[in-house]
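Listed below are the residues making up each chain.
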Amino acid sequence: MSVRFIAFYLPQFYPFAENDRWWGKGFTEWTNVTKARPLFDGHYQPHLPADLGFYDLRLRETQHEQIALAKQYGIDGFCFHYYWFDGKRLLDKPVDAFLSDQEADLPFCLCWANENWTRRWDAAEQEVLIAQRYPSGWEERFIDSVVPFFSDKRYIRTEGRPVLIVYRPQHIPDARKAGERWRERCREVGIGEIHIVSALTHGNDSYEQYGFDAGVEFPPHNMRVTSVNDVIPSYRPYSGHAVEYADVAREYLQRDHGVRRIYRTVFPSWDNTARVQDRALIVLGATIDNYERWLKGATDRTKNERHGTQQLVFVNAWNEWAEGCHLEPDREFGRGFLEATLRVKRGESTVDEIYDTHPLLRSSTKNLKPAALSLKWKVAAYLHNRPLALKIARLTYRAFRRVKRRSSRSGRPTT
């Protein structure tokens with residue numbers, strides 16, 4: 001198959017000084033992952049790793065194992081998130097180690113994550129840990145930092161041009177001017193032409209306004225689907241956003257990219273409860289079959305819309321564990337999402353186009369007004385947050401069941 005599958009890759013799985021200072025000694029992405037708790041009955045949290053375990057990216061064996069797994073199941077490359085703050089780099093060790101390690105035999109590219117780091121994990125302007133700034137001359141300093149990556153033979157190219165994704169071009173004061181300077185600098189140092197791609201995030205649906213060459217979808221950003229918050233029987237007040245996987249997948253697949261050069265992206269699942277708790281975006285119905293349907297649809301459309309080395313499909317993501325978004329095996333689904341990826345890659349997928357529905361959305365309670373459910377869920381929330389009360393309630397319920405069984409055997413009514 002000429003379509004290449006590229007998985008976004010998060011390098012935040014090792015401790016470093018800044019995270020120690022901001023979040024506590026030894027913090028990594030696993031810290032948030034393991035603290036996650038379900039928000040309602042049947043809620044799949046926490047997401048815990050299987051085959052690769054709670055790995056540390058300071059160990060070269062880890063990336064070698066990741067590469068072997070990716071290649072085995074049809075992933076053609078990683079797109080590393082690249083964190084550059086006017087010369088200050090974070091999460092740099094795994095990416096630099098990959099570049100230096102010629103045994104890491106998997107194509108790769110970079111996505112510059114040019115946004116603020118905040119305490120709320122929302123890239124806003126409040127509680128900023130490290131800000132993204134653009135002082136005079138930053139354009140050349142940035143592009144010089146990625147030239148060594150562009151020069152590597154493994155770097156992903158389309159039509160011979162290195163692919164550079166910019167996560168938030170709308171954050172750059174003059175993105176068009178920046179892109180022009182990057183192109184000039186790359187010609188000056190012998191790289192030649194580059195392929196600049198705008199991630200379509202935070203309401204931005206255009207790459208043309210920045211003078212970039214293409215756009216790439218970044219679901220769940222910019223999705224246009226109806227909330228299903230009313231079916232979430234949360235233990236505590238829920239201020240997040242719940243949607244159905246089938247709605248998200250269908251809405252993205254309906255977008256016509258035949259004229260505009262936009263690369264399609266899919267995700268296996270999404271649930272960032274581990275990072276933001278009750279403010280989480282939860283995508284219900286993220287099953288292996290549903291992911292396979294979306295990936296198959298995106299692949300088929302890419303074959304019709306793009307040609308040659310333009311045929312790229314992105315997966316968000318290889319290892320965004322705290323966002324419940326990972327191809328890497330977990331304890332719930334094992335290698336299921338990887339196996340689905342391989343079936344699509346080989347053209348062996350037999351799934352139909354009828355998406356699975358989450359049990360909450362199939363339940364008869366979906367049609368009941370929230371007030372009809374309020375007493376049940378208020379009681380559940382009260383007990384969930386009070387272990388002693390929950391224990392007493394369980395003992396009382398079991399005692400009642402015993403009395404009821406005796407009454408039924410004796411023929412006397414239960415009082």
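Being a predicted model, the structure only gives us computed values, none of them experimental. (Residues numbered from 1 in each chain as written. Predicted model: local features only at pLDDT ≥ 70, side-chain atom pairs only at ≥ 80, totals over all residues. Heavy atoms only, no water.)

A. Inspection of the environment of glycine 179 at higher detail. The residue glycine 179 is located in helix α6 (residues 175-188) in this model. Take glycine 179: its relative accessible area is 3%, and that puts it in the buried class. Spatially, the C-alpha atoms of glycine 179 and glycine 211 are 7.1 Å apart, while their sequence positions differ by 32 residues. (Helix = DSSP H or I, 4+ residues; strand = E, 2+ residues; numbered from the N terminus. Buried < 20%, exposed > 50% of the residue type's maximum accessible area, 1.4 Å probe, protein only.)

B. View of the pattern of salt bridges. What the rule picks out here adds up to 32 salt bridges. One salt bridge connects aspartate 105 with lysine 71, and the closest N-O pair in it is separated by 2.9 Å. Taken as a pair, aspartate 105 in the loop between α4 (93-100) and β4 (108-112) and lysine 71 in helix α3 (residues 60-72) lie far apart in primary sequence, 34 residues in all. Accessibility expressed as a relative area gives 43% for lysine 71, which makes it partly exposed. Between lysine 296 and aspartate 300 there is a salt bridge, and its shortest N-O distance comes to 3.9 Å. Highlighted residues: lysine 296 and aspartate 300, both in helix α9 (residues 288-305), separated by four residues, approximately one helical turn. Bridged by salt links that share partners, the residues Glu140, Asp144, Arg181, Glu184, Arg185 and Glu188 form one connected network. (Salt bridge = Lys/Arg side-chain N within 4 Å of Asp/Glu carboxyl O.)

C. Region of the structure containing unusual backbone geometry. Put simply, proline 219 and proline 220 share a cis peptide bond, and its omega is 15 degrees. Along the polypeptide, proline 220 turns up in the loop between β10 (214-217) and β11 (241-244). Positive phi values are uncommon outside glycine, yet glutamate 159 reaches one of about 55 degrees. Mapped onto the elements of the fold, glutamate 159 is located in the loop between β7 (157-158) and β8 (161-166). If you check the backbone angles, asparagine 222 has positive phi at about 65 degrees while not being a glycine. Turning to its location among the elements, asparagine 222 is positioned in the loop between β10 and β11. Residue asparagine 222 is classed as buried on the basis of its relative accessible area of 16%.

D. Just the packing of helix α7 (residues 245-253) against α9, in detail. Interaxial distance between α7 and α9 falls to 10 Å at its minimum, and their mutual angle equals 0 degrees. The orientation of α7 with respect to α9, classified from their angle, is roughly parallel. For the pair α7 and α9, contact is made by Tyr245, Val248, Ala249, Tyr252 and Leu253 and by Asn290, Tyr291, Trp294, Gly297, Ala298 and Arg301, respectively. Each residue belonging to the contact of α7 with α9 can be placed in one class, and the counts come to eight nonpolar, two polar and one charged. (Axes fitted to C-alpha atoms, helices over the stretch in contact; angles between N-to-C directions. Parallel < 35°, antiparallel > 145°, perpendicular 65-115°, else oblique. Contact = heavy atoms within 4.5 Å. Nonpolar A, V, L, I, M, F, W, Y, C, P; charged D, E, K, R; others polar.)

E. Representation of the packing of α3 against α4. The N-to-C vectors of α3 and α4 enclose an angle of 70 degrees; their axes lie 11 Å apart at closest approach. Relative to α4, α3 is oriented roughly perpendicular. Contacts from Arg60, Gln63 and Ile67 in α3 reach Pro94, Ala97 and Phe98 in α4. The residue inventory of the contact of α3 with α4, partitioned by class, reads four nonpolar, one polar and one charged.

F. Region of interest: the packing of aromatic side chains. For the structure shown, the criterion picks out 46 aromatic pairs. For the pair phenylalanine 8 and phenylalanine 314, a centre-to-centre distance of 5.3 Å together with 25 degrees between the ring planes defines the contact as stacked. Taken as a pair, phenylalanine 8 in strand β1 (residues 4-9) and phenylalanine 314 in strand β14 (residues 312-315) lie far apart in primary sequence, 306 residues in all. Just as phenylalanine 8 is buried, phenylalanine 314 falls in that class too. Measuring from ring centre to ring centre gives 5.2 Å for phenylalanine 150 and tyrosine 155, while their planes differ by 70 degrees; the resulting arrangement is edge-to-face. The pair phenylalanine 150 / tyrosine 155 is uniform in exposure class, with both members buried. Over the ring of tyrosine 252 we find arginine 255, and its NZ or CZ is 4.0 Å from the ring centre. The positively charged end of lysine 345 is found above the aromatic ring belonging to phenylalanine 5, 5.3 Å away from the centroid. (Phe/Tyr/Trp six-rings, centres within 6.5 Å; stacked < 30°, edge-to-face > 60°. Lys NZ or Arg CZ within 6 Å of the ring centre and 35° of its normal.)

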